Amino acid sequence: MGGGRETIAAVSADEGLRGEAEGCPMKKSFRDFLADLDGAGELRRIKRAVDLRDVSALVNQSPQAMFFEELKDYPGWRLAGGLIGTRKRLALAMGCAEKDVAARFEQGLGRLIEPVMVEAAPCQQVVRMGADVDLAAIPYPLMHLFDGGPYLSGTFVTSKDPEFGRNAGSYRLMYRTPNETGIDLVSPSDMRFYYQRQLDRGRPLEIAVAMGVHPYEMLAASYKAPIDMDEYTVAGSLHGAPVPIVKCKTVDLEVPADAELVLEGELLPIGWTADEGPFGEFSQISGDVKWNPIFRVKCITHRIDPIFYFLQMPWENDWLAAPVTEAAGLRALRNASVQPVAIRAPVGSCGYWTLIASIKKRPGEGKNALLALLSVSEVKLAIVTDEDIDIYNPDDLDWALTFRVQADRDTIIVQGARGKHIDPSIKAWELGKGGLPTTAKLGIDATIPEGVPKQLYKRIQYYGKGRVKLEDYL
Amino acid sequence: MSPTASAIIAAIRARPQQFAELADAHRDVPWPDFLHAWGEVRRANILGRDDNGNYRIEPCEDKA
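Since we're looking at a predicted model, the values are computed, not measured.

Let us now look at the packing of helix 7 (residues 215-222) of chain A against helix 9 (residues 315-335) of chain A. Residues and elements named next belong to chain A. Running from N to C, helix 7 and helix 9 point in directions that differ by 60°, and their axes come no closer than 9 Å. In terms of orientation, helix 7 and helix 9 fall into the oblique class. Taken as a pair, helix 7 and helix 9 cross one another with a handedness that is right-handed. Contacts between helix 7 and helix 9 involve M218, L219 and S222 on the former and, on the latter, L320, A321, P323 and V324. Its residues placed into classes, the contact of helix 7 with helix 9 shows six nonpolar, one polar and no charged.

The following block contains the structure:
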């Protein structure tokens, strides 16, 4: 590829974004990330006009992220998809080595940077309100065979509560009509809590959906921040620069000024009553029909030359989830005064349900570490090893599980903890509409048991290793 | 109601269908037009769902 940075960056001259932030370092935008991918040979360009119905299958076949320069029936739009399809591309977005993404994210939680308000924003170069709102006029893709409709997935959704302040999260939106979508709000989240508070008063909840933001914003949205923590400050910290924000046109909210596309509107006060789904979930399964609120769109704004972000499920979601889960695990371990060496949220657990950590262990800390890791979100399996185990090597991990674990002494089961609907094993279908599930959690202490001499785990070493060279015999 | 919306309703009335099946049957219709038609069907408020995610039209809902 190469040379693409000029092409993409040339249309990303975000004039006026500094506003009150004049003199502050400029944060990277979605387009800057595309240029980074292009420069690293990780972005495949397609010049031929593509039918939106073919995009999902095409992105799925490409080992690189994809950039479609022309969309059939959507003049002026381009589309980028599969951007965070690997841990390598996630690390590229975060400017660090693959093994360091959790530490890099955790670092971003340490020094929060407030966003700055700007007056004019690229995301509002085109404004459509009232009768001009038409969701069918934006590239609304059909992603998976069993989906209940076309979906938007790479969203950065902002809401506000008078008491708890601004919140940002990521929620999928199923196309219903030119001005209505479904939204998945079944899982516990701050926005669900805000919505419930408004619902109790019989009022709608205003939200603003930004698409085409930098992965740092997506990571911040994925993080289960304390309810009084503004995710915009987390994104700013990750960038090392404030996120420029702009006031919405029709709702009392702000959005990232450099976004590609914004939907403004409100969640109707109807509760969990409208069919939504199935959707190809980040759990890597097709999901089922859920009952959810409806999002009524009052205004659509976008850049004059917008790039639509097609977040490919489940991989992009899973790779985005992993550092967030890992960083939460690191924090939990440190809060428990346990010293972590490495941590991993395997993509097989969707970067979400399993945490494996190696630690510098003192007596009893294998169990302390398990208790800490199992407190993280909906993590339902935690494994702790000593520091000599390479937790990225499945054979090494199996060895520790085999020889350092006695099931009656080294496992912990916690019942009735908070669960997530999309895990079929918790039988969420038995709940009523809007009901919240619980789950059991398992911890396995695969550290050397107290009282067992370490020398019993001395690994085989080959006689003559280092002295005898194979090449001398070839 | 547009011809595409009417065709979608007729198809669901004939048998419950996945959204993708309906989309496949209208590959000749530009995607934005198909989405407009789907919006018409949604607004008719006649759709139900089955456990497999199929769209269906119950006889009691069948006013279109």
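So, next bit.
A few words on the sheet that holds strand 12 (residues 244-247) of chain A. Residues and elements named next belong to chain A. Reading across the sheet, the three strands line up as 4-12-13 and stay open at both edges, with mixed pairing between neighbours. Single-partner strands in this sheet number two, and they are strand 4 (116-117) and strand 13 (254-256). One ladder, built from two bridges, connects strand 4 with strand 12; its direction is parallel. Among the inter-strand pairings, M117 is bridged to a residue of strand 12, identified as I245.

With that settled, the discussion passes to the interface of chain B and chain A. Every contact between the two is made by 14 residues of chain B and, on the other side, 22 residues of chain A. With seven residues, the top contributor of residues to the side of chain B that touches chain A is helix 3 (residues 31-43) of chain B. Per-class residue counts for the side of chain B that touches chain A are seven nonpolar, four polar and three charged.

Attention now goes to the confidence of the model for chain B. On average, chain B scores 93 in pLDDT, and the residues at 70 or more come to 91%. Reported for the predicted complex are a pTM of 0.87 and an ipTM of 0.95.

Residue and element names in this part refer to chain A. Domain annotation of chain A identifies domain 1 (4-315) and domain 2 (336-450). Each of domain 1 and domain 2 has a C-alpha centre, and the two are 31 Å apart. Looking at the side of domain 1 that touches domain 2 residue by residue, the classes come out as seven nonpolar, five polar and two charged.

Right, let's talk about the nonpolar core for a bit. Residue and element names in this part refer to chain A. A80, A210 and L373 are the most contacted members of the largest nonpolar core, which totals 150 residues. Looking at which element gives the most residues to this core, the answer is helix 9, with eleven residues. Three or more residues apiece are contributed to this core by two domains, here domain 1 (4-315) and domain 2 (336-450). With near-sequence residues (within four places) excluded, L373 lies in contact with G329, A332, L355, A357, V379 and A382.

Reading the values: the criteria
- Residues numbered from 1 in each chain as written.
- Chains lettered and ligands numbered in written order.
- Predicted model: local features only at pLDDT ≥ 70, side-chain atom pairs only at ≥ 80, totals over all residues.
- Axes fitted to C-alpha atoms, helices over the stretch in contact; angles between N-to-C directions.
- Helix = DSSP H or I, 4+ residues; strand = E, 2+ residues; numbered from the N terminus.
- Parallel < 35°, antiparallel > 145°, perpendicular 65-115°, else oblique.
- Left-handed = near helix turned anticlockwise from the far one by under 90°.
- Contact = placed C-beta atoms within 7 Å.
- Nonpolar A, V, L, I, M, F, W, Y, C, P; charged D, E, K, R; others polar.
- Pairing = 2+ DSSP bridges.
- pLDDT = per-residue confidence, 0-100.
- Domains from an automatic or database assignment.
- Core = buried A, V, L, I, M, F, W, Y, C linked by C-beta atoms within 7 Å.
- Buried ≥ 20, exposed ≤ 12 C-beta atoms within 10 Å, placed from the backbone.

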